[in-house]
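Coordinate inspection notes
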Amino acid sequence: MQLTNEELKAKIGELKEKLSVTVVAHFYQRDEVFEMADITGDSLELAQRTKDDDSEFVVFCGVGFMGQSVKVLSPKKRVVMPKLACCAMAKMIDGIYYDQSIAFLEANGVSKSNILPITYINSNADVKAKVGEMGGLVCTSSNAKKIITSALKEGKKILFVPDRCLGQNIANQMGLKSMVIGQGGDPKEADIICYDGFCSVHQLFSVEDIEYYRNKYPGILIATHPECDPAVCDASDFVGSTSQLIKYIKELPEDQKVAVGTEFNMVNRLRPKNTYVLSSTKPECPTMNETTLEDLYTALKSIEEGNPINEIEVDETTQKWAKIALERMLAL
Ligand code: 13P
Ligand code: SF4
């Protein structure tokens, strides 16, 4: 017989009491899963806070690269993911495509020793390891500007993977020249060379959506995530990571209308009134939404039975270099 959500929540609560586990959830998780978490946050907060957590198991409700980052930073910790869901953007690059990007730059007159790679945290451990091995580091959407500012001090060209939008948005904010591999341009002339990856959810927001809301509700504010297209971010009143968006919106006067360009579940949880989802198409992240209460219960039960499912493993060499890339970010 199928259990109701309330029954599942009660069982999950009992298992959490009994076991040495910390349940972690990203802001984009379904409401009922999000409610059961001990730690919630954006990708930077989750990486920082789970690192210092002392329970034996981290049960991570999110997408693959997030659980992997916990394992990389704390290899002794056992990390279980109720669903092995993968961020579509993270899937757009692997070690081979990373090497091809380096080869492209070399073929176009930029030597490997003159490249400092930065990978968005939305990438798998093998890409983070390649970046770490080349002296580079990781960034998230909340610290990308700080990381790029610091990286520029080395006087090298930045290869930014995999999100072209985040790379271009930061370059625009900082008045730097950027280009996207495969879309023309001379890497010798660019400060930031972006890989051509993107988030299909954040591509749904358009300048036309912004115009629609501004015409319908004069005075409305537009707040977007930096994974949106640069034209959308340029036309916005505020651009920020999920945590930065939450802070910005919670501090608005109650009667101030705002349309938000980020994932559906998070926007709906923000504020009871005067908050709109900035798209006529539902911007729900399919992989973030794969994890259900039932999956969380099954994962906890498997830990109780001594046979954890979906446990994250990272090989030693990948772990070593990916950790270096992540720790360079955390040190900043
Ligand atoms: P944050 O770094 O803002 O949590 O974003 C992660 C993500 O996947 C956004 O789509
Ligand atoms: Fe990946 Fe986009 Fe989903 Fe974020 S919203 S997890 S970038 S697919």
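Conventions used here
- Residues numbered from 1 in each chain as written.
- Chains lettered and ligands numbered in written order.
- Predicted model: local features only at pLDDT ≥ 70, side-chain atom pairs only at ≥ 80, totals over all residues.
- Heavy atoms only, no water.
- Near = heavy atom within 4 Å.
- Nonpolar A, V, L, I, M, F, W, Y, C, P; charged D, E, K, R; others polar.
- Axes fitted to C-alpha atoms, helices over the stretch in contact; angles between N-to-C directions.
- Helix = DSSP H or I, 4+ residues; strand = E, 2+ residues; numbered from the N terminus.
- Parallel < 35°, antiparallel > 145°, perpendicular 65-115°, else oblique.
- Contact = heavy atoms within 4.5 Å.
- Buried < 20%, exposed > 50% of the residue type's maximum accessible area, 1.4 Å probe, protein only.
- Pairing = 2+ DSSP bridges.

Here the focus is the site of ligand 2. Neighbouring residues of ligand 2: Tyr-28, Cys-87, Ala-88, Met-89, Asn-122, Cys-199, His-202, Glu-227, Cys-285 and Met-288. Residue composition of the shell around ligand 2, by class: seven nonpolar, two polar and one charged.

The next subject is the packing of helix α6 (residues 125–133) against helix α14 (residues 316–331). Contact pair α6 / α14: the axes reach a minimum separation of 7 Å and the direction vectors enclose 70°. On the basis of the axis angle, α6 is roughly perpendicular to α14. Contacts between α6 and α14 involve Ala-125, Asp-126, Lys-128, Ala-129, Gly-132 and Glu-133 on the former and, on the latter, Thr-318, Trp-321, Ala-322, Ala-325, Leu-326 and Arg-328. Of the residues assigned to the contact of α6 with α14, the class counts are six nonpolar, two polar and four charged.

Let us look at the pairing of strand β10 (residues 221–224). Because side chains alternate across β10, one face comprises the buried residues Leu-221 and Ala-223, and the other comprises Ile-222 and Thr-224, equally buried. When β10 meets strand β12 (residues 258–261), the two strands line up parallel, connected through four bridges. Pairing of Ile-222 across the sheet is with Ala-259, part of β12. Two strands pair when backbone bridges link them, and β10 and strand β11 (residues 238–239) are joined in this way by two bridges, in the parallel orientation. Opposite Thr-224, over in β11, you have Val-239 as the bridge partner.

Let us look at the sheet that holds β11. The four strands lie next to each other as β11-β10-β12-β13, forming an open sheet whose pairing is parallel. Each end of this open sheet is capped by a strand with a single partner; those strands are β11 and β13 (275–277). Across the sheet, helix α9 (residues 207–216) touches β10, β12 and β13, and the angle it forms with β10 is around 155°. Its contacts with the sheet place helix α11 (residues 242–250) against β10, β11 and β12, and it is angled at close to 160° to β10.

Mapped onto the secondary structure, Ile-118 falls in strand β5 (residues 115–120). Distance from Ile-118 to Gly-261, taken between C-alpha atoms, is 25 Å for residues 143 residues apart in sequence. Setting aside residues up to four positions removed in sequence, Ile-118 forms contacts with Val-131, Leu-137, Cys-139, Ile-147, Ile-148, Ala-151, Ile-158, Leu-159, Phe-160 and Val-161.

That is the geometry; function is a separate question.
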